Amino acid sequence: DGLITWRYRSRQPAPYLIVAIAPYRVVEADGLRVFHFPEDSAGAQGMLQASLRAVEWLQELFGPLEGSLALNVMEIPNGWGSQASLAGGIIQEADALRDRNQIRKFYHELSHLWNARDLDTPSPRWNEGLAMFLQDRMAIELDGWDGEIAALEQTKTRLLDKCGGNQRCSDVPLRNYGTEAMTDLSYSVGRMMFATLYNVLGEETFDRALYGHYQAHKQSGTNTDDMVRAFVDVGGPVARRISDDWLESTAWVNRLNDASSLQAMFDDYRN
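Colleague: With reference to specific residues and values, describe the overall build of the protein chain.
Modeller: A count of helical and extended segments in the protein chain gives 10 helices and 5 strands. For 271 residues, the compact-globule estimate of 2.2 N^0.38 gives 18 Å, and the C-alpha radius of gyration of the protein chain, at 19 Å, lies within 12% of that figure. Expressed along its principal axes, the backbone C-alpha trace of the protein chain runs to roughly 70 × 35 × 35 Å. Summarising the internal contacts of the protein chain: among those between residues at least 6 apart in sequence, 63% fall at separations of at least 24. Accessible area of the protein chain: about 13100 Å², with a carbon and sulfur share of 46%. Taking the average place of the 26 positive charges on the side chains of the protein chain and the average place of its 38 negative ones, the gap between the two points comes to 3 Å.

This is the structure in structure tokens:
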């Protein structure tokens, strides 16, 4: 009589369970399923194909996941807030299905599945900065996106506007964003930190650090010191200098302000 019963069970321990109850349609392939609103069927097919390519890319970068990947992606209305959990799946705001230029938002959530459990309490949430960096890199390598430099320059301008002078974030380092309730800045400051590590250390060294860090900590969990150690172990003193500037202090403010360009800043770290 119009009554429908859903039964949901988590495959593994999870902090929450996402229950996909809506007038959804589903497309699926190779263990990936996209629950979508009927009017977004074309976008769901595109997201499914993007999922398959992105998962392969992430597996190559980080190595095997801690758990099995049987992934549900569920469309939600814009403004509800996207989230990702290896056990629960991904809830993704609708614009990522409706506008191909917004697929980076989905790459952001997908990359979080390769985050080792965060042991910092409260966390500075540097993994959000990593996800911001990786969403751009995936868009470049998988989709031919060419907006990275412009996006980083916009981030630079916003950070200098927000943190220049005597404003609070000019004195609080990224490591302390959790205790100071400033994790809204973790996305942009972290993004610039990881972009700096990538451009200064080079792709091979950067990727080796990410792979080694995740594989060493995917079962035990990780903290900020573990992440720093992973980059310093492969990147040496220059990785430590970048960490000191972007994580342990606010020296990055002067770095951004004094450099004639981002490339000039990257070159300065190498010298």
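Colleague: Lay out the state of the cysteines with the relevant residues and their values.
Modeller: In the structure shown here, the tally under the stated rule is 1 disulfide. There is a disulfide in this structure between Cys163 and Cys169, and the S-S distance comes to 2.0 Å. Here the S-S torsion is close to -120°, and the disulfide linking Cys163 with Cys169 is therefore left-handed. Both residues of the pair, Cys163 and Cys169, belong to the buried class.

Colleague: Please provide a residue-by-residue account of helix α10 (residues 262–270), values included.
Modeller: Those residues of α10 lying buried are Leu262, Met265, Phe266 and Tyr269. For α10, the buried positions fall inside an angular range of 100° around the axis, keeping them on one side. Those residues of α10 that are buried are in contact with α5 (148–163), α6 (186–201), α8 (224–248) and α9 (251–258).

Colleague: So, the sheet that holds strand β2 (residues 32–36): which residues are in play, and what are the values?
Modeller: Backbone hydrogen bonds are what pair the strands of a sheet, in a parallel or an antiparallel way. Strand order in this open sheet of 5 strands is β1-β2-β3-β5-β4, and the pairing throughout is mixed. Of all the strands in the sheet, just β1 (25–29) and β4 (83–85) have a single pairing partner and so form its edges. Here the average twist between neighbouring strands, direction ignored, is 15°. Taken together, the 5 bridges between β1 and β2 define a ladder with antiparallel strand orientation. Bridged to Val26 within β2 is Phe35. Docked against the sheet, helix α3 (residues 103–111) engages β3 (72–76), β4 and β5 (89–93), running at close to 160° with respect to β5.

Colleague: How would you explain the pattern of salt bridges if you had to name every residue and give the values?
Modeller: According to the stated counting rule, one finds 20 salt bridges in the structure shown. Note that Glu128 is salt-bridged to Arg125, the shortest N-O span being 2.8 Å. For Arg125, a relative accessible area of 32% translates into the label partly exposed. Note that Arg137 and Asp207 form a salt bridge whose closest N and O atoms lie 2.8 Å from each other. Here Arg137 is found in helix α4 (residues 126–143), whereas its partner Asp207 is found in helix α7 (residues 203–217), with 70 residues between them in sequence. Like Asp207, Arg137 is buried. In the salt-bridge network here, residues are joined through shared partners; they are Glu39, Asp40, Glu75 and Arg98.

Colleague: Hey, could you go over α9 for me, with residue numbers and the actual values?
Modeller: Inspection of α9 places Trp252, Val253 and Leu256 among the buried residues, and these make up the whole buried set. Taken down its axis, α9 places every buried residue within 110° of arc, on the same side. Of the surrounding secondary structure, the elements contacted by the buried residues of α9 are α5, α6, α8 and α10.

Colleague: Give a description of the packing of aromatic side chains that names residues and reports values.
Modeller: Applying the stated criterion to the full structure yields 11 aromatic pairs. With a centroid separation of 5.4 Å and an interplanar angle of 55°, the aromatic rings of Phe206 and Phe231 are classed as tilted. One end of the pair, Phe206, is in helix α7; the other, Phe231, is in helix α8, with 25 residues separating them in the sequence. Accessibility assignment for this pair places Phe206 and Phe231 in one class, buried. A ring pair is formed by Trp246 and Trp252, whose centres lie 5.5 Å apart and whose planes are at 15°; its orientation type is stacked. Of the two residues, Trp246 and Trp252, neither departs from the other in class, the shared state being buried. Of the aromatic side chains, those joined through ring pairs into one cluster are Trp126, Phe133, Phe194, Tyr198, Phe206 and Phe231. Sitting over the ring of Tyr269, Arg255 keeps its end group 4.0 Å from the ring centre.

Cut-offs and rules
- Residues numbered from 1 in each chain as written.
- Predicted model: local features only at pLDDT ≥ 70, side-chain atom pairs only at ≥ 80, totals over all residues.
- Heavy atoms only, no water.
- Helix = DSSP H or I, 4+ residues; strand = E, 2+ residues; numbered from the N terminus.
- Rg over C-alpha atoms; globule rule 2.2 N^0.38 Å.
- Contact = heavy atoms within 4.5 Å.
- Areas by Shrake-Rupley, 256 points an atom, 1.4 Å probe, with all protein chains shown as cover.
- Lys, Arg positive; Asp, Glu negative; His and termini not counted.
- Charge placed at Lys NZ, Arg CZ, Asp CG, Glu CD.
- Disulfide = S-S within 2.5 Å.
- Buried < 20%, exposed > 50% of the residue type's maximum accessible area, 1.4 Å probe, protein only.
- Arc of directions from axis to C-beta.
- Pairing = 2+ DSSP bridges.
- Axes fitted to C-alpha atoms, helices over the stretch in contact; angles between N-to-C directions.
- Salt bridge = Lys/Arg side-chain N within 4 Å of Asp/Glu carboxyl O.
- Phe/Tyr/Trp six-rings, centres within 6.5 Å; stacked < 30°, edge-to-face > 60°.
- Lys NZ or Arg CZ within 6 Å of the ring centre and 35° of its normal.

It is worth stressing that arrangement in space is one thing and function is another; only the former is reported here.
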